[in-house]
Amino acid sequence: MSWVAERAPEGWKAAHRRGGGAEDLGYEALSDGEQEVTVDARKRAWARLLAKVYEVDPMVCPKCGADMKVIAVIEDTDELKRILRYLIKIGRSPPGFDPDRLN
């Protein structure tokens, strides 16, 4: 995530400085901008960004607080509709979801 912070606007950097010296922005700057970022690091960074934006950690169970992990990404529209219909049928549709959108 350091590459994101490195490219942030100066105002953001100033607001997020840690208690250290004036140059301590709370991240380690990349040396050449060509540093390879692992897929795992990207996933963790994405989860942290979502947590900041929505003030909810998407990788923590809202019921018990246990860590969760992504086990599948469903892209098939028909499969998604089938899952949503089932959730509506058992009374557990996603919050704010309009069932009429399935038709």
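Predicted model only: the values in this text are computed from it and were never measured. (Residues numbered from 1 in each chain as written. Predicted model: local features only at pLDDT ≥ 70, side-chain atom pairs only at ≥ 80, totals over all residues. Heavy atoms only, no water.)

Enquirer: Lay out the pattern of salt bridges in plain terms, naming residues and giving numbers.
Expert: Tallied over the full model, the rule gives one salt bridge. Between Glu79 and Arg82 there is a salt bridge, and its shortest N-O distance comes to 2.8 Å. Placement of the pair is Glu79 and Arg82 together in helix 4 (residues 77–89), with a separation of three residues, close to one helical turn. (Salt bridge = Lys/Arg side-chain N within 4 Å of Asp/Glu carboxyl O. Helix = DSSP H or I, 4+ residues; strand = E, 2+ residues; numbered from the N terminus.)

Enquirer: How would you summarise the layout of surface pockets if you had to cite specific residues and measurements?
Expert: The computed volume of the largest pocket comes to approximately 410 Å³. Lining the largest pocket are Asp40, Arg42, Lys43, Arg44, Trp46, Ala47, Leu50, Pro58, Met59, Met68, Lys69 and Val70. Considering only residue class, the lining of the largest pocket consists of seven nonpolar, no polar and five charged. (1 Å grid on protein atoms, 1.4 Å probe; cavity = no way out; pocket = protein on both sides within 12 Å on 5 of 7 lines; lining within 4 Å. Points joined across faces, edges and corners; volume = space filled by probe spheres on them. Nonpolar A, V, L, I, M, F, W, Y, C, P; charged D, E, K, R; others polar.)

Enquirer: So, the confidence of the model for the chain: which residues are in play, and what are the values?
Expert: Residues at a pLDDT of 70 or more form 71% of the chain, whose mean pLDDT is 76. Across the chain, helix 4 holds the top mean pLDDT of 92, while helix 1 (residues 2–6) sits lowest at 63. (pLDDT = per-residue confidence, 0-100.)

Enquirer: Which residues make up the environment of Cys61, and what values do they have?
Expert: Looking at the element boundaries, Cys61 is found in the loop between helix 3 (39–54) and helix 4. Discounting chain neighbours no more than four positions away, the residues touching Cys61 are Ala66 and Met68. (Contact = heavy atoms within 4.5 Å.)

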